[in-house]
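# Survey of secondary and tertiary structure
Chain residues, written in single-letter form:
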Amino acid sequence: GNSIFSFPFASEGNFADIGYDMVFAKNAGVYGSSASSTTYGFNFGGQNYTPPTNPKLYDITSFPFSNNANSTDVGNIGQAAPHGITGGSSRTYGYMSGGFGPSNSNGIGYFPFASGGTAADVGDLTVARYYSAGGQY
C-alpha cells in the first residue's frame, strides 16, 4: 500500500494514518524495505503491484516522525535487484542488502540519513539473499 501509519509505544492504541509514501502514491507497492533514524523513517526498494509490467522501484523516500506528512524522495538505492531487499539502520546510516530478481543480489549498500542521495556499495553478502529480516543499532 501507500499509507504511512503510526502507533503509540507508551500505551495501547490504534494505528493512525499520518501520510502517504510518494513512491507508491499511484500504485500499491510491495516487497520494499525500511530503515529509521531518530527523527525520520525511510522506505526504499520494492516494485509496483500493478500488472502487467510491475516496474521495480529504486527510490529512497523519507518522512518525519515529528508531524503528519507525506514522504519525499531523497535518493536512490544502488541495488540491481530492489524487490525483496532487506533494510537496517545504524545511528547515522540506512543499510540495504540482497534483493530478488532475474539476477539475485548479494550487494550491501548504505546512505546517510542526513543528506540522502544514491546509496553507496560497501560490501557483499556471502551469498545472494532476499526477503530477509533487518535490524537496527
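As the structure is a prediction and not an experimental result, all values here were calculated from the model. (Residues numbered from 1 in each chain as written. Predicted model: local features only at pLDDT ≥ 70, side-chain atom pairs only at ≥ 80, totals over all residues. Heavy atoms only, no water.)

## Some remarks on the overall build of the chain
For the chain, the helix and strand inventory stands at zero helices and 13 strands. Taken from the N to the C terminus, the helices and strands of the chain come in the order β-β-β-β-β-β-β-β-β-β-β-β-β. Sorting the 137 residues of the chain into buried and exposed places 38% on the buried side. Counting contacts in the chain only where the partners sit at least 6 residues apart, residues at least 24 apart contribute 39% of the total. Total accessible area computed for the chain in this model is approximately 7,800 Å², and 52% of it derives from carbon and sulfur atoms. (Helix = DSSP H or I, 4+ residues; strand = E, 2+ residues; numbered from the N terminus. Buried < 20%, exposed > 50% of the residue type's maximum accessible area, 1.4 Å probe, protein only. Contact = heavy atoms within 4.5 Å. Areas by Shrake-Rupley, 256 points an atom, 1.4 Å probe, with all protein chains shown as cover.)

## Things to note about the packing of aromatic side chains
For the coordinates displayed, the defined rule picks out twelve aromatic pairs. Their ring planes at 20° and their centres at 5.7 Å tell us that Tyr95 and Tyr110 sit as a pair that is stacked. With Tyr95 in strand 10 (residues 93-97) and Tyr110 in strand 11 (residues 107-112), this pair connects stretches of sequence that are 15 residues apart. You can call Tyr110 partly exposed: its relative accessible area is 23%. Grouped by ring-pair contacts, the aromatic residues Tyr40, Phe42, Phe44, Phe111 and Phe113 constitute a single cluster. (Phe/Tyr/Trp six-rings, centres within 6.5 Å; stacked < 30°, edge-to-face > 60°.)

## Focus: a nonpolar patch on the surface
Together, Tyr31, Phe100, Tyr130 and Tyr131 give the surface a local cluster of nonpolar side chains, amounting to about 390 Å² of exposed area. By secondary structure assignment, the location of Tyr31 is in the loop between strand 3 (29-30) and strand 4 (33-36). (Patch = residues over 30% accessible without salt bridge, like charges linked within 9 Å, V, L, I, M, F, W, Y side chains within 5 Å. Salt bridge = Lys/Arg side-chain N within 4 Å of Asp/Glu carboxyl O.)

## Side note on the sheet that holds strand 7 (residues 59-64)
Pairing is mixed across the open sheet formed by five strands, whose spatial order is 4-5-7-8-12. One side of each edge strand has no neighbouring strand; the edge strands of this open sheet are strand 4 and strand 12 (117-118). Alignment of strand 4 against strand 5 (residues 40-44), held across four bridges, turns out to be antiparallel. Its bridge partner lying in strand 5, Ser36 is registered against Gly41. (Pairing = 2+ DSSP bridges.)

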